[in-house]
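Coordinates in review
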Amino acid sequence: MPDKPSPKAPAPARTAYLVLGMHRSGTSALANLLALAGADLPREVMPADAHNARGYFEPWRIAVFNDRRLAAAGTAWDDPFAALAPAPEDEADWREEARRLFRAQFGRRRRPLLKDPRVSVLGDLWRGVLDAEGLGARVFIPVRHPLAVAGSLAARDGFPTRKSVMVWMAYMLAAEAASRDLPRAFVDYDGLLEDWRTQISQAEAQLGEPLPNLSSAAGRRIDAFLSSELRRNSPGGDLSALGEAGEMAAGVLAWLQAASRGAAPVREPLDQASAWLSRQQTLYGDLVSPVSADRMAARTALADAEGRAAFL
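Report follows, based on the coordinates. (Residues numbered from 1 in each chain as written. Predicted model: local features only at pLDDT ≥ 70, side-chain atom pairs only at ≥ 80, totals over all residues. Heavy atoms only, no water.)

In this section: unusual backbone geometry. Non-glycine residue Arg24 carries a positive phi angle of around 65°. By secondary structure assignment, the location of Arg24 is in the loop between strand E1 (15–19) and helix H1 (27–36). (Helix = DSSP H or I, 4+ residues; strand = E, 2+ residues; numbered from the N terminus.)

Below you can see the structure in the form of structure tokens.
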């Protein structure tokens, strides 16, 4: 009597790798590390430029889409109140467009790597896309001192320090809130450049599982990619000169740094900073958000044109 065929093993579940957090905080470096360790980059990656010579490792079409979606809500990526803007009435249409874009960029890849900082402030939209696609998620959030981020944004965009620190705070609060119910790891950016193996080992412990393909060969490629040259601004500084904004940001930073070490700090500093941002929006949102949205409209069109030119 012939042996019965053994039952087929179930196909491995698809899992999205999300890199959330603030612009200029190490999201690109961490995204490429994950790609080298087995996550799947999108089909059309945003090209490198003078501000990020080693590459952004994010889907430029999705980045442009996110800018358009933020504009539809009367805000922009550099608006400290972007995460607080109500969704437009046609949000279902935006979600369906986002889902089509996601499929176009990743197809049926098993471990799609979605990195665009704007996803942090559009968490509900993109969580809906992942749920519709039946994807689990693993979240990585790089932690960089807000004054180092502010220095980078001053060089690239001419932003004043207080604005950059407030935007940093808004993004980090949004990233934390959007991933609270998901497996996630907070990764110290400066530590990543100094000793990425220790940082990634800690991240794997936070996630409760290893990266998909962190082989010796992948480790050598990561060694060649990461270096202290990626750190172009001072690693820290005193936030107290920024008044209440600095005080709130310092509390958020301390929480994130503790989380990156594997601690489970009380959420009070995050709640205080969130409440403070909400009060600032009530006072100044109708002045700040429209200006940010108007400035960003031209930049979105330019980014779209540059991306299309790069892939022609």
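Moving on, there is more to tell.
Turning next to the pairing of strand E3 (residues 136–143). E3 sits mainly inside the fold: seven of its eight residues count as buried. As paired elements, E1 and E3 share five bridges and run parallel to each other. By the bridge assignment, Tyr17 is partnered in E3 with Arg138. As judged from the five bridges shared by E3 and strand E4 (residues 184–188), these two strands associate in the parallel manner. Of the residues in E4, the one forming a bridge with Phe140 is Ala185. (Buried < 20%, exposed > 50% of the residue type's maximum accessible area, 1.4 Å probe, protein only. Pairing = 2+ DSSP bridges.)

A pair of packed helices is captured by two measures, namely the crossing angle of their axes and the spacing between those axes. At a closest axis distance of 9 Å, the pairing of helix H3 (residues 91–106) and helix H5 (residues 123–132) adopts a crossing angle of 55°. When the axes of H3 and H5 are compared, the pair comes out oblique. Note that H3 runs across H5; the crossing there is right-handed. Contacts from Glu91, Trp94, Arg95, Ala98, Arg99 and Phe102 of H3 reach H5 at Asp124, Leu125, Trp126, Gly128, Val129, Leu130 and Ala132. A per-class count over the contact of H3 with H5 returns eight nonpolar, one polar and four charged. (Axes fitted to C-alpha atoms, helices over the stretch in contact; angles between N-to-C directions. Parallel < 35°, antiparallel > 145°, perpendicular 65-115°, else oblique. Left-handed = near helix turned anticlockwise from the far one by under 90°. Contact = heavy atoms within 4.5 Å. Nonpolar A, V, L, I, M, F, W, Y, C, P; charged D, E, K, R; others polar.)

Once that is clear, we can look at the layout of surface pockets. Approximately 500 Å³ is the volume attributed to the second largest pocket. Of all elements in the fold, only helix H2 (60–72), helix H4 (118–121), H5, helix H7 (161–178) and helix H12 (268–311) reach the threshold of two or more residues within the lining of the second largest pocket. The element best represented in the lining of the second largest pocket is H7, accounting for six residues. Counted by class, the lining of the second largest pocket contains 19 nonpolar, five polar and seven charged residues. (1 Å grid on protein atoms, 1.4 Å probe; cavity = no way out; pocket = protein on both sides within 12 Å on 5 of 7 lines; lining within 4 Å. Points joined across faces, edges and corners; volume = space filled by probe spheres on them.)

Here we take up the side chain of Ser179. By the secondary structure assignment, Ser179 is in the loop between H7 and E4. For Ser179, a relative accessible area of 0% corresponds to the buried category. Side-chain polar atoms of Ser179 contact the backbone oxygen of Ala175, separated by 2.8 Å. Here Ser179 is in contact with Leu20, Val139, Ile141 and Arg184, once residues within four sequence places are set aside. (Polar contact = N/O pair within 3.5 Å; in protein donor to acceptor, adjacent residues only side chain to side chain.)

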